[in-house]
Amino acid sequence: MSELLFEIGCEELPASYAIDALAQLPALVAKELSARGLPVSAADVKTAGTPRRLAIGVASLPEA
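Conventions adopted
Residues numbered from 1 in each chain as written. Predicted model: local features only at pLDDT ≥ 70, side-chain atom pairs only at ≥ 80, totals over all residues. Heavy atoms only, no water. Core = buried A, V, L, I, M, F, W, Y, C linked by side-chain atoms within 4.5 Å. Buried < 20%, exposed > 50% of the residue type's maximum accessible area, 1.4 Å probe, protein only. Helix = DSSP H or I, 4+ residues; strand = E, 2+ residues; numbered from the N terminus. Contact = heavy atoms within 4.5 Å. Pairing = 2+ DSSP bridges. Axes fitted to C-alpha atoms, helices over the stretch in contact; angles between N-to-C directions.

> Help me out: how do you make sense of the nonpolar core in this one?
Buried together is how nonpolar side chains tend to be arranged in soluble globular proteins. Counting residues in each nonpolar core, the largest one holds eleven residues, listed as L22, L25, V29, A30, L33, V40, V45, L54, I56, V58 and L61. Among the secondary structure elements, those contributing two or more residues to this core are α1 (15-35) and β3 (53-61). Here the element with the most residues in this core is α1; it accounts for five residues. Once you skip the residues sitting within four places of it in the chain, L54 turns out to touch F6, E7, I8, L13, A21, L22, L25, A48 and G49.

> Quick question: what am I supposed to make of the pairing of β3 here?
Looking down a regular strand, the side chains alternate between one sheet face and the other. Sheet topology note: the strand β1 (residues 2-9)/β3 ladder contains seven bridges and is antiparallel. Within β3, the residue paired with L5 across the bridge is G57. For strand β2 (residues 45-50) and β3, the ladder comprises six bridges, and the chain directions are antiparallel. In the strand pairing of β3, V45 is matched with V58.

> I tried to follow the sheet that holds β1 on my own but got confused; where do I start?
Across a sheet, strands are paired by hydrogen bonds formed along the backbone, either parallel or antiparallel in direction. If you trace the three strands from one edge of the open sheet to the other, you get β1-β3-β2, paired in antiparallel fashion. Each having just a single partner strand, β1 and β2 make up the two edges of the open sheet. Between one strand and the next, the sheet's axes are offset by a mean angle of 15 degrees, whatever the strand orientation.

Structure (structure tokens):
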């Protein structure tokens, strides 16, 4: 298994927008990766963020 860390830099977000984005990102990332042949569940996707950065981590990404 491989790991993936993806960071999104952005303009300063209001706190409520960042909270909403962090809540929605696991499902969106899992859906998009699975659609591209890398089966991942939303539970495997971890998120973190600040007003200027959103980060997504997947610890158990299939290698192929």
